[in-house]
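# Structure assessment
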Amino acid sequence: MSRDVEYLIVDIETVVDALLVYGVKYFGEPPCDPVARYEEELRAAGKDPFIPPTYHVPAVIGVAKVLGDLSMTDLVALDGPPADLTSKFWRAVQLWEPTLVTFNGRGFDLPVLACNALRHGVACPPYFLKADYTHRYSGRHLDLMDWFTNHGAWRLAGGLELCSRLCGGPGKSGGGASVAEMYNTGRLAELKAYCLRDVVETYRLLLRSKVLQGALSREREAQLMATAEEKLCRENQSSSHP
């Protein structure tokens, strides 16, 4: 274990595994578009048509390494086959055992990554053997949405977009509904940039949480965010011009 990485900020972009949806929900029935059918069934039931995370696979995983002094040292978006992405993520958790920082990660990102670990047989004892990460009130997974809403006591309408703008940020760079389109049309650089913007906005909210707790000055917060924005710009330029 290495605690050089105190926090690992994580955001994932995903696509729905249509074959898995068909196999679980419509196996033996005539061929169909299982994703569109499931979405329509959810709408007809008066529910959010967003397909549950258990049917998703990672397309891009954005991560930022953050030290104990809250400085960001690395910012990267990983892409590749879902099995490789899953393995890389859980290996990083096992190596560093960092505090995971997410926004709604308990409700989406970590369930997706856990289901894909189950699918591919990827081990990560620090996460799956102990309760340090999986217990809702532990300190090893800081879901900022959960923390800010007093563990779901009230609904944070507006999500990360709202929080970013409340903290002076630009908000998210587009809508999550376009992720499948970017992925299916090969717009990988655009998809990675979208993911990394979410990572940086989650970092912004982490810093602001420390300001609220009296552990960080506004001046230092501004310096750290300026550095993060520079890293984001460099990473996006690198992805656009390999």
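For clarity, every value in this text was computed on a predicted model and none was experimentally measured. Sequence positions are assigned chain by chain, starting from 1 and proceeding in written order. At least 70 in pLDDT is required for a residue's local features to be given in this predicted model, at least 80 for side-chain atom pairs to be given and counted, and no such filter applies to totals for whole chains, interfaces and linings, which use all residues. Each side-chain value is derived from all of the structure's non-hydrogen atoms; neither hydrogens nor water enter the calculation.

With that settled, the discussion passes to the nonpolar core. Side chains that are nonpolar tend, in soluble globular proteins, to be buried together. The criterion is simple. A nonpolar core is a set of buried Ala, Val, Leu, Ile, Met, Phe, Trp, Tyr and Cys residues joined through side-chain atoms within 4.5 Å. Burial classification: accessible surface area is computed with a 1.4 Å probe over protein chains only, and a residue below 20% of its type maximum counts as buried, one above 50% as exposed, and the rest as partly exposed. Grouped together as the largest cluster of nonpolar side chains are 38 residues, with contacts concentrated most on Ile 9, Leu 75, Tyr 203 and Leu 206. Strands are runs of DSSP state E lasting at least two residues, helices are runs of H or I lasting at least four, and both sets are numbered from the N terminus onward. Put simply, the parts of the chain that give this core at least two residues each are β1 (7-16), β2 (56-66), β3 (72-79), α7 (159-166), α8 (179-184), α9 (188-212) and α10 (218-240). Considering every element that reaches this core, the biggest residue donor is α9, with 11 residues. Val 5, Val 10, Trp 96 and Tyr 127 belong to the second largest nonpolar core, which has 22 residues in total.

As a further point, take the pattern of salt bridges. When the charged atoms of two side chains lie near each other, side chains of opposite charge can form a pair. Any carboxyl oxygen of Asp or Glu that lies within 4 Å of a side-chain nitrogen of Lys or Arg is treated as forming a salt bridge with it. Going through the model one piece at a time under the given rule, you end up with 19 salt bridges. The salt bridge involving Asp 198 is made with Lys 172; its shortest N-O contact spans 2.7 Å. Taken together, the positions of Asp 198 in helix α9 and Lys 172 in the loop between α7 and α8 put the pair 26 residues apart, joining distant regions of the chain. In this structure, Glu 221 and Arg 218 form a salt bridge, with 2.9 Å as the shortest nitrogen-oxygen distance. With Glu 221 and Arg 218 both in helix α10 and three residues apart, this pair spans about one turn of that helix.

Taken in spatial order, the five strands make up an open sheet running β3-β2-β1-β4-β5, and their pairing is mixed. A single partner strand is all that each edge strand has here, and the edge strands are β3 and β5 (141-143). Put simply, the sheet's adjacent strands are angled 25 degrees from each other on average, direction ignored. By this definition, two strands are paired if DSSP reports at least two bridges between them. Pairing of β1 with strand β4 (residues 99-102), which is carried by three bridges, proceeds in the parallel orientation. Paired with Ile 9 across the bridge in β4 is Val 101. Between the N-to-C directions of two axes lies an angle of 0 to 180 degrees, each axis being a line fitted to C-alpha atoms and, for a helix, fitted only over the stretch in contact.

Contact geometry of helix α3 (residues 82-96) with helix α4 (residues 105-120) gives a least axis separation of 9 Å together with a crossing angle of 110 degrees. Classed by the angle they form, the pair α3 and α4 counts as roughly perpendicular. Along its contact with α3, which presents Pro 82, Ala 83, Thr 86, Phe 89 and Trp 90, the element α4 presents Leu 110, Leu 113, Ala 114, Asn 116, Ala 117 and His 120. Note on residue classes: Ala, Val, Leu, Ile, Met, Phe, Trp, Tyr, Cys and Pro are nonpolar, Asp, Glu, Lys and Arg are charged, and everything else, Gly too, is polar. Its residues placed into classes, the contact of α3 with α4 shows eight nonpolar, three polar and no charged. What sets the label is the angle itself: under 35 degrees gives roughly parallel, over 145 gives roughly antiparallel, 65 to 115 gives roughly perpendicular, and the rest give oblique. Whether two residues touch is decided by their heavy atoms; if any such pair falls within 4.5 Å, the residues are in contact.

Right, let's talk about the side chain of His 56 for a bit. In this structure, His 56 sits in strand β2. Two N or O atoms form a polar contact when they lie within 3.5 Å of each other; inside protein one atom must be a possible hydrogen donor and the other a possible acceptor, and for residues adjacent in sequence the pair counts only when both atoms belong to side chains. A polar atom in the side chain of His 56 sits 2.7 Å from the side chain of Thr 14. Those residues in contact with His 56 that lie beyond four places of it in its chain are Thr 14, Val 15, Val 16, Phe 50, Ile 51, Phe 108, Val 112 and Asn 116.

Any pair of Phe, Tyr and Trp rings, taking the six-membered ring for Trp, is counted once the centres come within 6.5 Å. Such a pair is stacked with planes under 30 degrees apart, edge-to-face with planes over 60 apart, and tilted for the rest. Scanning the entire structure with this criterion turns up nine aromatic pairs. Grouped by ring-pair contacts, the aromatic residues Phe 89, Trp 90, Tyr 127, Phe 128 and Tyr 133 constitute a single cluster. Whether a charge sits over a ring depends on NZ of Lys or CZ of Arg being within 6 Å of the ring centre and within 35 degrees of the ring normal. When the ring centre of Tyr 38 is taken as reference, the NZ or CZ atom of Lys 25 above it lies at 4.5 Å.

Relative to each other, α7 and α9 sit at 55 degrees, their axes nearing to 10 Å. Judged on the interaxial angle alone, α9 and α7 are oblique. Considering how the two elements wind past one another, α7 and α9 form a crossing that is left-handed. Touching Leu 160, Cys 163, Ser 164 and Leu 166 of α7 are Asp 198, Glu 201, Thr 202, Arg 204, Leu 205 and Arg 208, all from α9. Note on convention: near helix rotated counterclockwise from far helix by under a right angle means a left-handed crossing. Clockwise means right-handed.

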